[in-house]
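The lines below spell out each chain.
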Amino acid sequence: MSSESSKKRKPKVIRSDGAPAEGKRTRSDTEQEGKYYSEEAEVDLRDPGRDYELYKYTCQELQRLMAEIQDLKSRGGKDAAVEIEDRRIQSCVHFMTLKKLNRLAHIRLKKGRDQTHEAKQKVDAYHLQLQNLLYEVMHLQKEITKCLEFKSKHEEIDLVSLEEFYKEAPPDISKAEVTMGDPHQQTLARLDWELEQRKRLAEKYRECLSNKEKILKEIEVKKEYLSSLQPRLNSIMQASLPVQEYLFMPFDQAHKQYETARHLPPPLYVLFVQATAYGQACDKMLSVAIEGSVDEAKALFKPPEDSQDDESDSDAEEEQTTKRRRPTLGVQLDDKRKEMLKRHPLSVLLDLKCKDGHVCIEPRAWPVFSLQSFPSSSDLLSPDSVLSCLYPGDHGKKTPNPANQYQFDKVGILTLRDYVLDLGHPYLWVQKLGGLHFPKEQPQHTVITDHSLSASHMETTMKLLKTRVQSRLALHKQFASLEHGIVPVTSDCHYLFPAKVVSRLVKWVTIAHEDYTELHFTKDIVEAGLAGDTNLYYMALVERGTAKLQAAVVLNPGYSSIPPIFQLCLNWKGEKTNNNDDNIRAMESEVNVCYKELCGPRPGHQLLTNQLQRLCVLLDVYLETESHDDSVEGPKEFPQEKMCLRLFRGPSRIKPFKYNHPQGFFSHR
Amino acid sequence: MERAAQQAVPLGQMEVFQALQRLHMTIFSQSVSPCGKFLAAGNNYGQIAIFSLSAALSSEAKEESKKPMVTFHAHDGPVYSMVSTDRHLLSAGDGEVKAWLWAEILKKGCKELWRRQPPYRTSLEVPEINALLLVPKENLLILAGGDCQLHAMDLETGTFMWALRGHTDYIHCLALRERSPEVLSGGEDGAVRLWDLRTAKEVQTIEVYKHEECSRPHNGRWIGCLATDSDWMVCGGGPALTLWHLRSSTPTTVFPMRAPQKHVTFYQDLILSAGQGRCVNQWQLSGELKAQVPGSSPGLLSLSLNQQPAAPECKVLTAAGNSCRVDVFTNLGYRAFSLSF
């Protein structure tokens, strides 16, 4: 311990000796205060390992001394105190050593830290420099790549290939000896050559343009010459007309027709083309012609489907009139109506010849509606109804184009009936012949005309028209006879009836639809929907003796495929109708339901007259087979002349209404 | 009301013909199936239609329920009468009687099980069969009609056992008197004849037209309908509808109905009758008219009461006649709806 402390003191003493030469021992404390004590310098001189050993040793000593003090204290005793004091001093000394060591350690640490810090700073500085340089490098590299990628405009020009260049270019441009070696020069040369070529081409272009101008002028001259030729050719054709007629080759006529046909509105055109084709191919009886003025058609260059123009036209009209006095609403409406109902000036005339007559149908076109048909020659029963219901339900009262409804509402047209005389009927089959199709679900803005639609309907419609016309003609003749009270039965239908028929047809008149529905014995027919307003109604009266049989007849326009329907009312000993007499019902059934036997030879135009004759026969049977009432005196009014097997049959007690040929007796069905 | 006026529908030839057929249709006979749920109706074109009563009467009935489930062509002539056994439907009209299986009848293309023609005397015209009568105890079927005879056919073997002659004009209707057992027949000659089935002989004849209380010469003397309740019989037709006491052969009550009646039947304590004129008439036994319920046809030819125990919910009265409709009366007081061909 004391050796330690002396060890410690020794370096102190040495130091003070190592101080500047004036450092004498005499100047012990005061000199020591003047020369400061530098522990930092001391740290460099001491060995940290030895200091560490010293530290360990000091700690050990301290521990030992503390243990001894403890011992002594616990033992107690007088000299213990001195011992304790002694040891205490020693331990103090040790403490001092520890403190010194602690200081030294701190100083060492500080030194170490300073050194590290310096080094670190240096490293940072280098690092920064490195970063700067790298950045510069990168920047330079980028620049280099940019330069390398630079595309000059000259590379966009398609230059001719090298071989061609060397072949074609004149030597002063191509400079082969220079350019071969130097790609830069080569490119320059090629560009030069390109420029040269383009200049030459521009020259050529200018020359060509001027050529073209010249040639156009020549063409003009020649055209004028040709057009002056046209009138001469026309006169030649005129001169050839008599020759054509002489030779029966009416090419000119057909040609003219086709000329005018070009001015027809599309639906009429389709109709014309299809009808002519059909007439030439199948039906020699059909002839087609065009009527009307072509000039007006040319002037009226308004496409027929563009009926929306009507609105704008009428608006324009309105604007004009506000400048003057505003006409009344009624007049405006009238004008609009007239505008809407104006028809196309051209129309097609279809002439169907039949055995006994002919019918002319004139379809016309309206910008708004499409086609109407207008039978022009009335050799028939009534032009109004002759074409009605050609196909079931086609009564021609409403326009088939759904767009028209709105237009009509705008202009205040409620029903077409008022305008029928001028307009004709918009039958569906006419629309189909004109290739017009109005699907019910989708209203179309523009109406398209379709040749195939027309072609597919042409044959059926023509045949139906023919049958219709023929049946109407037959009916017409029959009516003439019926009105005189004679039922005209042709010889090939005689087998249907017995030789002797006593009942006579007394009256045959036309009645109106409303009158028919008012009759009390026709209610069933009306309720079954068989008595529409497209049918024709007649009243026949058959008499025998005091018995009068009224028959109300419904004639469907589809006669004779759809049979006429009879409803009977017998006035004889009271009024009997199908409501109160089963036999009247049976008679109606004979005539209405069993009509197929009465059709006669095809085409079945004899149906109505045969039905009437059968009615007379039925009345005969009814009256003759009526059972005699024993309570009433006197003979039977109608003696039985007909041969019948049985008078009554079945729960309804029906009379024998069926005539059997050739045996000539009556039986039940 | 189903009679709202229709708009004129576009009618082709087929539709017009069908409409005319329906207008001129007459339903002559009806028969209820053994299960009580179906009704067969026969018309003048020889067709039989099967209606489903249970479907038409159910609460979800739609318009299609009032149409037949199946319609087939049964005879060449009108189907004048039909009866049902517990498994078969027997129909007759143009001189033949045909049998159909009720179990098969709803299938398409149903063919008749068998057909028989009674031995007729004349061959010039095939006489019609106006009435069919089942005698369940003896398993017999009795046919009567145009040849003025009653033929009896054994249902098991199909042979015709005997024929009863006596009528001078064709027979309209038959009725069975269970107790004896006797068959009553009424004909065009104005007489009601009673025949004993065991001895096959005529027992009694009542010439209705000779009795002044009921005869109506202007209508004729024909007996159109018959019904019997053991001791009592009601008949009508040309003469007035009259209630007779059979043992004494005297008319006890004359019902004041001007129109000739074509069908009459006893029901509980009432007499139901129908004929010319729209209504089904209900009479008390005393002769008073209890009710007149109008139907939809201008004249009625047959009434049918569905009293099958298997289907109490289908217990209805159906009436058919000079139209294509069968009226259904769920309650005797009014017409509920009509089935239609």
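Residues numbered from 1 in each chain as written. Chains lettered and ligands numbered in written order. Predicted model: local features only at pLDDT ≥ 70, side-chain atom pairs only at ≥ 80, totals over all residues. Heavy atoms only, no water.

J.: Looking at this structure, I do not really get the interface of chain B and chain A. What am I missing?
T.: A common way to express how large an interface is: the accessible area buried when the components associate. Each side of the interface is counted separately: chain B has 40 residues, and chain A has 36 residues. With both sides pooled, the region where chain B packs onto chain A buries about 3500 Å², and carbon together with sulfur makes up 55% of that total. Put simply, chain B and chain A have four salt bridges between them. Notably, a salt bridge pairs Asp582 of chain A with Lys262 of chain B, separated by 3.2 Å at the nearest N-O pair. On the surface where chain B and chain A come into contact, there are 14 residue pairs in polar contact (both at pLDDT 80 or more). In terms of residues, the side of chain B that touches chain A owes the most to one element, helix α1 (residues 13-23) of chain B, which gives seven residues. (Contact = heavy atoms within 4.5 Å. Buried area = accessible area lost by both parts, 1.4 Å probe. Salt bridge = Lys/Arg side-chain N within 4 Å of Asp/Glu carboxyl O. Polar contact = N/O pair within 3.5 Å; in protein donor to acceptor, adjacent residues only side chain to side chain. Helix = DSSP H or I, 4+ residues; strand = E, 2+ residues; numbered from the N terminus.)

J.: Would you explain the packing of helix α20 (residues 451-482) of chain A against helix α24 (residues 607-624) of chain A in this entry?
T.: All names here are of chain A. Running from amino to carboxyl end, α20 crosses α24 at an angle of 30°, the nearest separation of the two axes being 10 Å. When the axes of α20 and α24 are compared, the pair comes out roughly parallel. When α20 is examined against α24, the residues Leu475, Gln478, Phe479 and Leu482 are found in contact with a partner set consisting of Leu608, Thr609 and Leu612. For the contact of α20 with α24, the class distribution of residues is five nonpolar, two polar and no charged. (Axes fitted to C-alpha atoms, helices over the stretch in contact; angles between N-to-C directions. Parallel < 35°, antiparallel > 145°, perpendicular 65-115°, else oblique. Nonpolar A, V, L, I, M, F, W, Y, C, P; charged D, E, K, R; others polar.)

J.: What is the right way to read the pairing of strand β20 (residues 250-254) of chain B from this model?
T.: Each regular strand displays side chains that alternate between the two surfaces of the sheet. All names here are of chain B. Sheet topology places strand β19 (residues 242-245) next to β20; four bridges connect them, and they run antiparallel. Along β20, the bridge assignment pairs Leu243 with Thr253. Counting the residues that bridge the hairpin from β19 to β20 gives four residues, and of these Ser249 lies at a positive phi of roughly 55°. (Pairing = 2+ DSSP bridges.)

J.: What exactly am I supposed to notice about the pairing of strand β3 (residues 47-52) of chain B here?
T.: Residue and element names in this part refer to chain B. Among the six residues of β3, five are classified as buried, and the element is accordingly described as predominantly covered. Where strand β2 (residues 38-43) and β3 come together, five bridges link them in antiparallel fashion. Directly across from Leu39, in β3, lies its bridge partner Phe51. What sits between the antiparallel neighbours β2 and β3 is a turn of three residues, in which Gly46 has the positive phi angle 90°. Looking at chain direction, β3 and strand β4 (residues 70-73) are connected through four bridges and run antiparallel. By the bridge assignment for β4, Gln47 is matched with His73. (Buried < 20%, exposed > 50% of the residue type's maximum accessible area, 1.4 Å probe, protein only.)

J.: I tried to follow the packing of aromatic side chains on my own but got confused; where do I start?
T.: Two aromatic rings are characterised by how far apart their centres lie and by the angle between their planes. Residues and elements named next belong to chain A. Scanning all chains against the criterion turns up eleven aromatic pairs over all chains. A ring pair is formed by Trp508 and Tyr538, whose centres lie 5.1 Å apart and whose planes are at 15°; its orientation type is stacked. Here the residue Trp508 occupies a position in strand β5 (residues 504-511), and Tyr538 occupies one in strand β6 (residues 536-544), the gap between them amounting to 30 residues. A residue is classified by how much of its surface remains accessible, and Tyr538, at 5% relative accessible area, is buried. Three or more aromatic residues joined by ring pairs form one cluster here, namely Phe479, Trp508 and Tyr538. Across the ring face of Phe648, the terminal group of Arg653 is positioned such that the distance to the ring centre comes to 4.6 Å. Directly above the aromatic system of Tyr622 lies the positively charged group of Lys655, at a separation of 4.7 Å from the ring centroid. (Phe/Tyr/Trp six-rings, centres within 6.5 Å; stacked < 30°, edge-to-face > 60°. Lys NZ or Arg CZ within 6 Å of the ring centre and 35° of its normal.)

J.: Where do I start with the side chain of Thr577 of chain A in this structure?
T.: Residues and elements named next belong to chain A. Inspection of the secondary structure assignment puts Thr577 in strand β9 (residues 575-577). Taking the relative accessible area as the measure of exposure, Thr577 reaches 7% and is therefore buried. Once residues lying within four places of it in the same chain are set aside, the contact partners of Thr577 are His520, Phe521, Leu568, Cys569 and Ile584.

J.: Where do I start with helix α23 (residues 582-592) of chain A in this structure?
T.: Because an α-helix packs 3.6 residues into every turn, residues spaced three or four apart end up facing the same way. Within α23 of chain A, eleven of the eleven residues are buried, leaving the element largely enclosed by the surrounding structure. Listing the buried residues of α23 of chain A in full gives Asp582, Asn583, Ile584, Arg585, Ala586, Met587, Glu588, Ser589, Glu590, Val591 and Asn592 of chain A.

J.: Can you help me understand the nonpolar core in this one?
T.: In a soluble, globular protein the nonpolar side chains are often hidden away together inside. In terms of nonpolar packing, the biggest core is built from 69 residues, with Trp508 and Leu608 of chain A together with Leu339 of chain B touching the most fellow members. Top contributing element to this core by residue count: α24 of chain A, with eleven residues. Residues Tyr516, Ile525 and Ile565 of chain A together with Ala19 of chain B belong to the second largest nonpolar core, which totals 17 residues. (Core = buried A, V, L, I, M, F, W, Y, C linked by side-chain atoms within 4.5 Å.)

J.: Mind showing me how you'd approach the packing of helix α12 (residues 266-281) of chain A against α20 of chain A here?
T.: When two helices pack together, their arrangement is given by the angle between their axes and by how far apart the axes lie. Residue and element names in this part refer to chain A. Contact pair α12 / α20: the axes reach a minimum separation of 10 Å and the direction vectors enclose 50°. Classed by the angle they form, the pair α12 and α20 counts as oblique. You can see that α12 and α20 cross each other, and the crossing is right-handed. Here Val270, Leu271, Val273, Gln274, Ala275 and Tyr278 of α12 lie close against α20, whose contacting residues are His451, Ser454, Ala455, Met458, Glu459, Met462 and Lys463. Its residues assigned to classes, the contact of α12 with α20 comprises eight nonpolar, three polar and two charged. (Left-handed = near helix turned anticlockwise from the far one by under 90°.)

J.: Quick question: what am I supposed to make of the pattern of salt bridges here?
T.: Once the charged atoms of two side chains with opposite charge are near each other, the side chains can pair. Using the criterion set out here, one finds 28 salt bridges over all chains in the structure. Via salt bridges that share partners, Glu42, Arg46, Asp51, Lys100 and Arg108 of chain A belong to a single interconnected network.

J.: Would you explain the confidence of the model for chain B in this entry?
T.: Atomic detail in the predicted coordinates should be set aside for any region of low pLDDT. All names here are of chain B. With 96% of its residues at a pLDDT of 70 or more, chain B shows a mean pLDDT of 87. In the predicted structure, residues 1-9 sits below a pLDDT of 50 and forms eleven contacts with residues beyond four places in sequence or in another chain. ipTM for the predicted complex: 0.88, alongside a pTM of 0.65. (pLDDT = per-residue confidence, 0-100.)

J.: Sorry if this is basic, but what is going on with the confidence of the model for chain A here?
T.: All names here are of chain A. Of all residues in chain A, 69% attain a pLDDT of 70 or more, and the chain-wide mean is 76. Element-level pLDDT for chain A is lowest in helix α14 (residues 309-323), with a mean of 40, against a maximum mean of 92 in helix α5 (residues 78-149). Note that residues 303-324 has pLDDT below 50 and, in this model, 25 contacts with residues that lie over four places away or in other chains. Every residue in residues 375-380 is under pLDDT 50, and counting partners more than four places away or in other chains gives 17 contacts.

J.: Quick question: what am I supposed to make of the sheet that holds strand β17 (residues 223-229) of chain B here?
T.: Hydrogen bonding along the main chain pairs the strands of a sheet, whether they run parallel or antiparallel. All names here are of chain B. Read from one edge to the other, the open sheet built from four strands follows the order β17-β18-β19-β20, with strand pairing classed as antiparallel. Pairing within the sheet leaves two strands with one partner each, and these edge strands are β17 and β20. Averaged over neighbouring strand pairs, the angle between their axes works out to 25° when direction is ignored. Across four bridges, the pairing between strand β18 (residues 232-237) and β19 is antiparallel. Counted as the bridge partner of Trp232 is His245 from β19.

J.: Would you mind showing me how to read the sheet that holds β9 of chain A here?
T.: Residue and element names in this part refer to chain A. Read from one edge to the other, the open sheet built from five strands follows the order β5-β6-β7-β8-β9, with strand pairing classed as antiparallel. Each end of this open sheet is capped by a strand with a single partner; those strands are β5 and β9. Adjacent strand axes in the sheet meet at a mean angle of 20°, parallel and antiparallel pairs treated alike. The pairing of strand β8 (residues 565-571) with β9 spans three bridges and is antiparallel. Within β9, the residue paired with Cys569 across the bridge is Thr577. Against the sheet, α20 touches β5, β6 and β7 (547-555), its axis set at about 125° to β5. Contacting β7, β8 and β9, α23 runs over the sheet at an angle of about 150° to β8.

J.: Whenever I open this one, a nonpolar patch on the surface confuses me. Can you help?
T.: All names here are of chain A. On the surface, Tyr225, Leu226, Leu229, Leu233 and Ile236 cluster together to form a nonpolar patch covering roughly 520 Å² of accessible area. At the level of secondary structure, the elements contributing two or more residues to the nonpolar patch comprise α9 (183-227) and α10 (230-246). Considering the arrangement of structural elements, one finds Leu229 in the loop between α9 and α10. (Patch = residues over 30% accessible without salt bridge, like charges linked within 9 Å, V, L, I, M, F, W, Y side chains within 5 Å. Areas by Shrake-Rupley, 256 points an atom, 1.4 Å probe, with all protein chains shown as cover.)

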